[in-house]
Amino acid sequence: MSERFGGSFTQQEPIPEAGIEAAMAVLRHGRLHRYNTAPGEVAETVLLEEEFAAYVGARYCLGLASGGAAMACALRALQVQPGDPVLSNAFTLAPVPGAIASLGARPVFVEVTEDLTIDLAHLEAQAMASGAKVLLLSHMRGHVCDMEALVTLCDRLGVRVVEDCAHTMGAAWKGVPSGRHGAIGCYSTQTYKHMNSGEGGFLVTDDAELAARAILLSGSYMLYARHRAAPGPEVFEALKLDVPNVSSRMDNLRAAILRPQIAMLDDRRARWRVLYQAMEAGLAGVPGLRLIPRPQVEDYVGSSFQFLLPGWDGARVAALVAAAAARGVELKWFGAADPLGFTSRYAHWRYAAPEALPQTDRILAGLIDMRLPLTFTPEDVALIARILADEVTKATKAGTPAQVAAPVAVPAAD
Ligand SMILES: *Cc1c(COP(=O)(O)O)cnc(C)c1O
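Cut-offs and rules
- Residues numbered from 1 in each chain as written.
- Predicted model: local features only at pLDDT ≥ 70, side-chain atom pairs only at ≥ 80, totals over all residues.
- Heavy atoms only, no water.
- Domains from an automatic or database assignment.
- Contact = heavy atoms within 4.5 Å.
- Buried area = accessible area lost by both parts, 1.4 Å probe.
- Salt bridge = Lys/Arg side-chain N within 4 Å of Asp/Glu carboxyl O.
- Polar contact = N/O pair within 3.5 Å; in protein donor to acceptor, adjacent residues only side chain to side chain.
- Helix = DSSP H or I, 4+ residues; strand = E, 2+ residues; numbered from the N terminus.
- Nonpolar A, V, L, I, M, F, W, Y, C, P; charged D, E, K, R; others polar.
- UniProt positions renumbered as here; feature names shortened; annotations may be inferred.
- Axes fitted to C-alpha atoms, helices over the stretch in contact; angles between N-to-C directions.
- Parallel < 35°, antiparallel > 145°, perpendicular 65-115°, else oblique.
- Left-handed = near helix turned anticlockwise from the far one by under 90°.
- Core = buried A, V, L, I, M, F, W, Y, C linked by side-chain atoms within 4.5 Å.
- Buried < 20%, exposed > 50% of the residue type's maximum accessible area, 1.4 Å probe, protein only.
- 1 Å grid on protein atoms, 1.4 Å probe; cavity = no way out; pocket = protein on both sides within 12 Å on 5 of 7 lines; lining within 4 Å.
- Points joined across faces, edges and corners; volume = space filled by probe spheres on them.

**Some words on the domain arrangement of the protein chain**
Move 1: Under the domain assignment used here, the protein chain contains domain 1 (17-262) and domain 2 (265-397).
Move 2: If you look at the interface, domain 1 gives 39 residues, while domain 2 gives 40 residues.
Move 3: Carbon and sulfur atoms supply 58% of the area buried between domain 1 and domain 2, which totals about 3,300 Å² over both sides.
Move 4: Three residues, E114, R141 and H194, lead the burial of domain 1 against domain 2; their summed loss comes to 20% of the area buried on that side.
Move 5: We note a salt bridge from R141 to D369, for which the minimum N-O separation is 2.8 Å.
Move 6: Summed over the shared surface of domain 1 and domain 2, the number is 21 residue pairs in polar contact (both at pLDDT 80 or more).
Move 7: Residue assignment for the side of domain 1 that touches domain 2 shows that the elements contributing at least two residues are α2 (44-56), α4 (95-101), β3 (106-110), α5 (120-130), β6 (172-173) and α9 (252-262).
Move 8: Grouping the constituent residues of the side of domain 1 that touches domain 2 by class yields 22 nonpolar, ten polar and seven charged.

**Describing the UniProt feature "modified residue: N6-(pyridoxal phosphate)lysine" (unreviewed entry) in the protein chain**
Move 1: UniProt's feature table lists "modified residue: N6-(pyridoxal phosphate)lysine" (unreviewed entry) at K193, given in the numbering used throughout.
Move 2: Mapped onto the elements of the fold, K193 is located in the loop between β8 (184-188) and β9 (201-205).

**A word on the packing of helix α3 (residues 67-77) against helix α7 (residues 208-219)**
A packed helix pair is summarised by two numbers, namely the angle formed by the two axes and the spacing between the axes.
Move 1: Their axes nearest at 9 Å, the elements α3 and α7 cross at an angle of 125°. On the basis of their axis angle, the class for α3 and α7 is oblique. When the axes of α3 and α7 are compared, the crossing they make is right-handed. Residues C73, R76 and A77 of α3 form the contact with α7, whose own contacting residues are L210, R213, A214 and L217.

**Side note on the nonpolar core**
Move 1: With 38 residues, the main nonpolar core has M279, F307, V329, M370, I384 and L388 as its most contacted residues.
Move 2: Elements represented by at least two residues in this core include exactly α10 (265-283), β12 (304-308), α11 (314-326), β14 (367-371) and α13 (378-398).
Move 3: If one sorts the elements of this core by residue count, α13 sits on top with nine residues.
Move 4: When residues no more than four places from it in sequence are discounted, the contact partners of F307 are L283, L289, R290, L291, G366, L367, I368, M370 and L388.
Move 5: Core analysis: the next-biggest nonpolar cluster, separate from the first, contains 36 residues, C73, A74, L217 and Y224 among them.

**A closer look at the UniProt feature "active site" (unreviewed entry) in the protein chain**
Move 1: Under the UniProt annotation, "active site" (unreviewed entry) lies at K193.
Move 2: Setting aside chain neighbours within four positions, we find K193 in contact with Q12, A166, H167, S188 and W272.

**Remarks on empty space enclosed by the protein**
Move 1: One pass over the structure, following the stated rule, counts three cavities of 30 Å³ or more.
Move 2: Within this model, the largest cavity holds a volume of roughly 130 Å³.
Move 3: If you trace the largest cavity, you find 15 residues lining it, with Q12, E13, K193, N196 and R268 closest to the centre.
Move 4: Looking at side-chain class alone, the lining of the largest cavity contains six nonpolar, six polar and three charged residues.

What follows is the structure in structure tokens.
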């Protein structure tokens, strides 16, 4: 009888007891708004910002209502104007182009490589062709490009970088925390990310003017002096009448839930890596399947797992997804004709009028994705890998040799 997996791919760990207790204290005193403090009290949100800034080594940090709000706030702080082109990865999730579109700006998509990172040659070409001065760089599914090469290129092009670290909170590149390579780093604390407050986000920067603009934008009224991971009042004085309030604040309840989780990030990364490496080991050498190489210098978190099925036609991939689902393994496929759940691709973002990107189409046509929640054990992961290896092997044997050879062209995505 074939093995079956019975666990849930969407079940996260509970909020730590310290977070529950701190949240109860906030509920009991009722001062949930970040600027509602008793005499002498420092708000949970303010402490959270200070602690997260220290964790990533940033001068300034701002808590926000979501990761998407953090990205939009970052772009506004950089004074992106309606109609401006903003570079971004073609392989990312909907809130990234959505943040660009929320300003009336225009996403300019860049091809993805087989390693699932941004294609630097295409980035340069798109920057030159569009004249874009900002890149919203998504470290999609935690895959980080050569950050030294990227920063050198963007400096040369005069392009400022905003990092979307939704999948790299707690990760580093050559020892530099993710989010600390560009002008601004953005993070999400939505339930499926590396810290969980339901919804929430941060941005960090070392630039005093950007930090002041972001704080004013988030809806600080004239209470910006209450922030601690923030520049001095003189920086705000020069800006406070010119920067609009686009309310998107973090609140004390979420901050209370999040504060104890910062100290857990490094341990969570280590535990995620164990699961990731168990999956990698279980799928190594399976014919017809390509694993994504991870550079030595990339200290990744591994909260999800991807692999490619190069050259597989759509019907065969769809059959694999269905066969895996029948055995309890929930896969997501970036090549499906229609967007499903959280999974969509650039061609589905019609408001952005995307131009066709043949390399991205070819790669996403065979891209499989799955979550690895920390509620999985290494034994769970080994079982999932056995099921996948079995189903991929069956599908490969049933196929013609051409289907397991070098990648072949597939029709452009719709
Ligand atoms: C989750 C996510 C975000 C931010 O999402 P929010 O739900 O707005 O917090 C940004 N980028 C990527 C790639 C994401 O997966």
